[in-house]
Amino acid sequence: MTVLAADSVSVELKQIRVLIVDDHATFAELLAQALAWEPDLASVGFATSIGTAIKQFMLLHPDVVVMDYHLPDGDGITAAEQVLAVAPDTRVIMLTGDPNLQALGRAANSGICAFLPKDGSLMTLLETIRHARNGGMMVHPLLVTQLAARRKRPPSTGFASLTQRELEVLSLMAAGSDVRANAKALGITENTCRGYVKSILVKLGAHSQLEAVAVATRLGLLIEPRHG
């Protein structure tokens, strides 16, 4: 009977080959470096747009594509659809910092494996690359929470209850002025101005003046204040 020494049998580790698609070079470089530290993962290329992503994919044939949702010539879902049309077994992981229900719906129908927050945990991304499978889309709980929070806010028609004065205070808030300056500009007391701010936060479903300004900007509520 022949006995083989343990070191005479070598097992080659099959690496998962990853294509990174993102127009932010720093993010792509950091992710590539992180992949290089993992023995079972390897970055094989980098693309900055849908056009270059398709070219790189056809040339490199990666196992996994990590794709940013926002790209200069379109969105990542469009790129993913093109990739999966020619290679349906490819695993595509989408990253976004601005989730919305429409994007999630399109992603689920396109065959994308996972939707993750771009500012999320590196460890989560690496584990998703390792374990993502076609046939079902994984959505990170943080994105679900963000979407749920948005849906709890009053609909846009509810913001009509903002009074003219509240809209003026809101616009001054957006300009970065403090309560004292806003009160002086509008010819009202500081306490009255603070009351308007509190009312604005409640009506917009916001927890801070910054968030209120962000909501108002998205809804087109900012106006030019009338001084005096």
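Residues numbered from 1 in each chain as written. Predicted model: local features only at pLDDT ≥ 70, side-chain atom pairs only at ≥ 80, totals over all residues. Heavy atoms only, no water.

K.L.:
It is not clear to me how the pattern of salt bridges should be interpreted in this structure. Could you clarify?
P.N.:
Where charged atoms of side chains with opposite charge meet at close range, the side chains can pair. The full count for this structure, using the stated rule, is nine salt bridges. Residue Glu 190 pairs with Arg 180 through a salt bridge whose shortest N-O separation is 3.4 Å. Of this pair, Glu 190 sits in helix H9 (residues 190–204) while Arg 180 is found in helix H8 (residues 179–186), placing the two residues 10 residues apart along the sequence. Between Glu 190 and Arg 194 there is a salt bridge, and its shortest N-O distance comes to 3.4 Å. With Glu 190 and Arg 194 both in helix H9, this residue pair falls four residues apart, about one helical turn. For Arg 194, a relative accessible area of 39% puts it in the partly exposed group. Shared partners join several salt bridges into a network, and the residues in it are Glu 38, Asp 40, Glu 127 and Arg 130. (Salt bridge = Lys/Arg side-chain N within 4 Å of Asp/Glu carboxyl O. Helix = DSSP H or I, 4+ residues; strand = E, 2+ residues; numbered from the N terminus. Buried < 20%, exposed > 50% of the residue type's maximum accessible area, 1.4 Å probe, protein only.)

K.L.:
Hey, could you run me through the packing of aromatic side chains in this one?
P.N.:
Aromatic ring pairs: the centre-centre distance and the angle between the two ring planes describe each pair. As enumerated under the stated definition, the model contains one aromatic pair in all. Ring centres of Tyr 69 and Phe 115 lie 6.5 Å apart, and the angle between their planes is 45°; on these two criteria the pair is classed as tilted. Of the two residues, Tyr 69 sits in the loop between strand S3 (64–68) and strand S4 (70–71) while Phe 115 sits in strand S7 (residues 114–117), which places them 46 residues apart along the sequence. Judged by relative accessible area, which is 11%, Tyr 69 ranks as buried. (Phe/Tyr/Trp six-rings, centres within 6.5 Å; stacked < 30°, edge-to-face > 60°.)

K.L.:
Would you take a moment to explain helix H1 (residues 25–36) for this structure?
P.N.:
Given 3.6 residues per turn, any residue in an α-helix points the same way as the ones three and four places further on. Look at H1: 16 Å from first C-alpha to last across 12 residues, which is about the 16 Å you get at 1.5 Å a residue. Within H1, the full set of buried residues consists of Ala 28, Leu 31, Ala 34 and Leu 35. For H1, the arc enclosing every buried residue in end-on projection is 125°, short of the 170-degree limit, so these residues lie on one face. Exposed and facing more than 90 degrees away from the buried side of H1 are Thr 26, Leu 30 and Ala 36. For H1, the secondary structure elements touched by its buried residues are strand S1 (16–21), strand S2 (41–47), S3 and helix H5 (122–131). (Expected span 1.5 Å × (residues − 1). Arc of directions from axis to C-beta. Contact = heavy atoms within 4.5 Å.)

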